[in-house]
Amino acid sequence: MKFRAHDTFFIRKGWLSKGMRNVLANPDVFVSRENNPMDVLGIGANMVKALRYWMVAVGLTEEPTSGQRIQTPTRLGGIIYENDRYFEETGTLWLLHYQLVKANDGKDTEATSWWYFFNEFKAGEFTRDDFLTQLNKYLRNSDEGEKPVRTIEDDFNCIISTYVPRMKSNPEKVRPESNIDCPLGELGLIDIVRTEKNGSRMKMYHKSAPKKDTLHPLIILAVILDKANGADEVRISSIQNDKGNAGKAFNLDIINLTALLYKIELLGHIKVVRTAGLDIVQIKTKWSFYECVVEYYKAING
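The rules behind these values
Residues numbered from 1 in each chain as written. Predicted model: local features only at pLDDT ≥ 70, side-chain atom pairs only at ≥ 80, totals over all residues. Heavy atoms only, no water. Salt bridge = Lys/Arg side-chain N within 4 Å of Asp/Glu carboxyl O. Helix = DSSP H or I, 4+ residues; strand = E, 2+ residues; numbered from the N terminus. Buried < 20%, exposed > 50% of the residue type's maximum accessible area, 1.4 Å probe, protein only. Phe/Tyr/Trp six-rings, centres within 6.5 Å; stacked < 30°, edge-to-face > 60°.

A. Quick peek at the pattern of salt bridges. Evaluated as defined, the whole model comprises 13 salt bridges. Across the pair Asp226 and Lys102 runs a salt bridge, and its minimum N-O distance is 3.7 Å. Pair noted here: Asp226 is in helix H10 (residues 217-228) and Lys102 is in the loop between helix H5 (90-101) and helix H6 (112-119), with a separation of 124 residues, a long-range link. Among the residues examined, Lys102 registers a relative accessible area of 26% and is labelled partly exposed. The residue Glu153 makes a salt bridge to Arg128 at a minimum N-O spacing of 2.9 Å. Highlighted residues: Glu153 in helix H8 (residues 149-163) and Arg128 in helix H7 (residues 128-140), separated in sequence by 25 residues. Here the salt bridges share partners, and the residues they tie into one network are Arg4, Asp7, Arg150 and Asp154.

So this is what it looks like as structure tokens:
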């Protein structure tokens, strides 16, 4: 399990493109002794550490666990950078988000709080204290043990900054020249409801379903293929409810998920069977997860 590895810095617009460009030019860019990483990347020391972490956490690069800690692009990172160098496509953002939360188990993830928020945390509406209480309860029941409040509070603040644009979260602090929103805020997975509790004003948040047509069917298909592990059929309930699968990862209820499945069926890649109590998806395509991602970029590029 990993907490607060971002050093309180969420992903800024332009960071990932800059990170990939420099990793490809110099795999030891984050640890080089010859070329100061702050000078090369144009950001402060703590931001360098944060960017190094985020590159791995969103699945763009990987580092060895021992020896020289250089970074190399993952297969997914190479596909994304080849097709969307500036990380502008909505499908790219969905893929990066999926990498953050897709783990089957909270121990097997670079971003434990993100994994917990989307896979285990069941509250549709919640306050910061609700999240902190439930996460620490979950940790007490695991081998990890309870974490300091400051640690998981920083994670919660970073989650909110990842998915809620600053115009909504802190409108009084937004300046016209500001460009520090996280690109994943475009996905709209968290929104804010301001309310009163115990006589004091506080922020209430809620998980939001993706807006209509923001999730390309081939992105959902890629996730289904990734989680199917080669199986030729999968239960719809598994797609919706299994940890890391499309329903959990993308805040999809059964109505939205079913609509997306029928769109994929129209493309000829699956067959949705909802008769005789089966409720399964039969997988017709022979694509792998990576091949499906490539086909997504071909589709949007005409």
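B. Seen up close, the packing of aromatic side chains. Counted according to the given criterion, the structure contains 21 aromatic pairs. Here the aromatic rings of Trp54 and Trp114 are separated by 5.4 Å at their centres, their planes lie at 75 degrees, and the arrangement is edge-to-face. You can see Trp54 sitting in helix H3 (residues 45-57) and its partner Trp114 sitting in helix H6, a full 60 residues away along the chain. Since its relative accessible area comes to 1%, Trp114 is described here as buried. Ring plane angle 35 degrees and centroid distance 5.4 Å describe the contact between Phe131 and Phe156, whose orientation is recorded as tilted. With a gap of 25 residues between them, Phe131 in helix H7 and Phe156 in helix H8 connect regions that are remote in the sequence. On the basis of relative accessibility, which here comes to 0%, the residue Phe131 falls in the buried class. Judged by relative accessible area, Phe156 falls into the buried class, the value being 1%.

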